[in-house]
Amino acid sequence: MNICWICGREATTREHRVKASDLRSIFGVVTQQSPLYTKQDGTVKILQSVKSNFAKYSAKICHHCNTTQTQKYDEAWSELADYLLKNQSIIGSCKTINAGKIFSCDFKQGILYCHLYLVKAFGCKIIDDKVPFDLSGFAECILSGKAHPDLYFSVDNKIKLNNKNYAATSPIQVIQYGCPKKVVYATWYYIIGKVPIKILYYVNTPPISVHGHMIHPRIGKKFLRLA
Ligand SMILES: [Zn+2]
């Protein structure tokens, strides 16, 4: 039996690598006639629907955790992703955009929910990429609705992307430290169109000089730096 890494129930579902709603926003309706192509383990796979298993992580989670438990997180992420995709042309143009109107809920809550969506995606990615990482802290945050102290995200202006018709996740880069070794740093990218979203696990506050302005629910600023 597959066990849900979040709650320990039987796991029967999988999380999308790039969220289905983000794929639809970028590529429209995906069918047999207008499929998507993805590369996995050096092989090209054809997606005839955004629900294709090739679009999902191999890590499994239970139906409850993938729906009821995380629905609010998923919805907030879709609102942020739509907003970023609509504004993708000004990314890297030295503008700071007001983000007060992104979410249908309160801004602070919206950022917390986006953060928790990324905690879920990060957990699935860690399992997929076989990173030796204790996920109990991530699971606790998803179940309690509380932010993880060490997880940050940002739109990374250092990465320049040119293709609007693109979506991907990068491999995770990890640094382990101590004896026994423990992951103290892990980062990867969630890319939608020309928007490179950096996700960072960093024990202690990440220095701005290295990582730029990272977003965390405890930092209550009503704007996102896009450049
Ligand atoms: Zn579960």
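No experiment lies behind these values; they were computed from the predicted model shown.

**Student:** Can you tell me about the coordination of the zinc ion, naming the residues and giving the values?
**Tutor:** Note on the zinc ion: its protein donors are Cys4 (SG), Cys7 (SG), Cys62 (SG) and Cys65 (SG). The metal-donor distances range over 2.3 Å. Its four donor atoms give the zinc ion angles of 103 to 117 degrees at the centre, a pattern that matches the tetrahedral case. All donor residues of the zinc ion come from one chain, and their arrangement in sequence is C-x2-C-x54-C-x2-C. Here Cys4, found in the segment before strand E1 (13-16), pairs with Cys65, found in helix H2 (residues 63-66); they are 61 residues apart in sequence, far enough to count as distant. Residues Cys4 and Cys65 agree in their burial class; the two are buried.

**Student:** Describe in detail the pattern of salt bridges, supporting the description with residues and values.
**Tutor:** Counted under the stated rule, the structure contains four salt bridges. Asp128 is the salt-bridge partner of Arg17, the closest N and O atoms lying 3.4 Å from each other. With a gap of 111 residues between them, Arg17 in the loop between E1 and helix H1 (20-27) and Asp128 in helix H4 (residues 107-128) connect regions that are remote in the sequence. The class of Arg17 is partly exposed, set by a relative accessible area of 21%. Here Lys125 makes a salt bridge to Asp129, at a shortest N to O gap of 3.6 Å. Of the residues examined, Lys125 reaches a relative accessible area of 3% and is grouped as buried. Here Asp129 falls in the partly exposed class, since its relative accessible area comes to 32%. It is possible to trace a salt-bridge network through shared partners that takes in Glu15, Asp74 and Lys120.

**Student:** How would you summarise the packing of aromatic side chains if you had to cite specific residues and measurements?
**Tutor:** Applying the stated criterion to the full structure yields eleven aromatic pairs. An aromatic cluster is present here, built from Phe122, Phe133, Phe138, Trp188 and Tyr201 joined pairwise through their rings.

**Student:** I'd like a description of helix H5 (residues 136-144), backed by residues and values.
**Tutor:** Of the residues making up H5, those classed as buried are Phe138, Ala139, Cys141 and Ile142. All buried residues of H5 fall inside an arc of 160 degrees around its axis, so they share one side. As for H5, its buried residues are in contact with helix H3 (71-86), H4, strand E6 (151-155) and strand E10 (195-202). Gly145 occupies a position one or two residues after H5 and carries a positive phi of about 75 degrees.

**Student:** Describe the packing of H4 against H5, listing the residues and the values that go with them.
**Tutor:** One way to put it is that H4 packs onto H5 with a least axis distance of 10 Å and a crossing angle of 145 degrees. The handedness of the crossing between H4 and H5 comes out as left-handed. Residue-level contacts link Leu116, Val119, Lys120, Phe122, Gly123 and Ile126 of H4 to Phe138, Cys141 and Ile142 of H5. Taken together, the residues of the contact of H4 with H5 break down into seven nonpolar, one polar and one charged.

**Student:** Lay out the confidence of the model for the protein with the relevant residues and their values.
**Tutor:** On average, residues of the protein carry a pLDDT of 90, and 93% of them reach 70 or more. Reported confidences for the modelled complex are a pTM of 0.92 and an ipTM of 0.99.

**Student:** An account of the environment of Ser49 is needed here, citing residue identities and associated values.
**Tutor:** By the element assignment, Ser49 lies in the loop between strand E3 (43-47) and strand E4 (56-61). Given the relative accessible area of 27%, Ser49 is considered partly exposed. Here the alpha-carbon distance between Ser49 and Leu84, two residues 35 residues apart in the chain, equals 24 Å. Within the local environment of Ser49, its side chain forms a polar contact with the backbone nitrogen of Lys51, the two atoms lying 2.8 Å apart.

Procedures and definitions
- Residues numbered from 1 in each chain as written.
- Predicted model: local features only at pLDDT ≥ 70, side-chain atom pairs only at ≥ 80, totals over all residues.
- Heavy atoms only, no water.
- Donors = N, O, S within 2.8 Å, 3.2 Å for Na, K, Ca; no water.
- Tetrahedral: all angles 85-135°; square planar, octahedral: opposite > 155°, others 65-115°.
- Helix = DSSP H or I, 4+ residues; strand = E, 2+ residues; numbered from the N terminus.
- Buried < 20%, exposed > 50% of the residue type's maximum accessible area, 1.4 Å probe, protein only.
- Salt bridge = Lys/Arg side-chain N within 4 Å of Asp/Glu carboxyl O.
- Phe/Tyr/Trp six-rings, centres within 6.5 Å; stacked < 30°, edge-to-face > 60°.
- Arc of directions from axis to C-beta.
- Contact = heavy atoms within 4.5 Å.
- Axes fitted to C-alpha atoms, helices over the stretch in contact; angles between N-to-C directions.
- Left-handed = near helix turned anticlockwise from the far one by under 90°.
- Nonpolar A, V, L, I, M, F, W, Y, C, P; charged D, E, K, R; others polar.
- pLDDT = per-residue confidence, 0-100.
- Polar contact = N/O pair within 3.5 Å; in protein donor to acceptor, adjacent residues only side chain to side chain.

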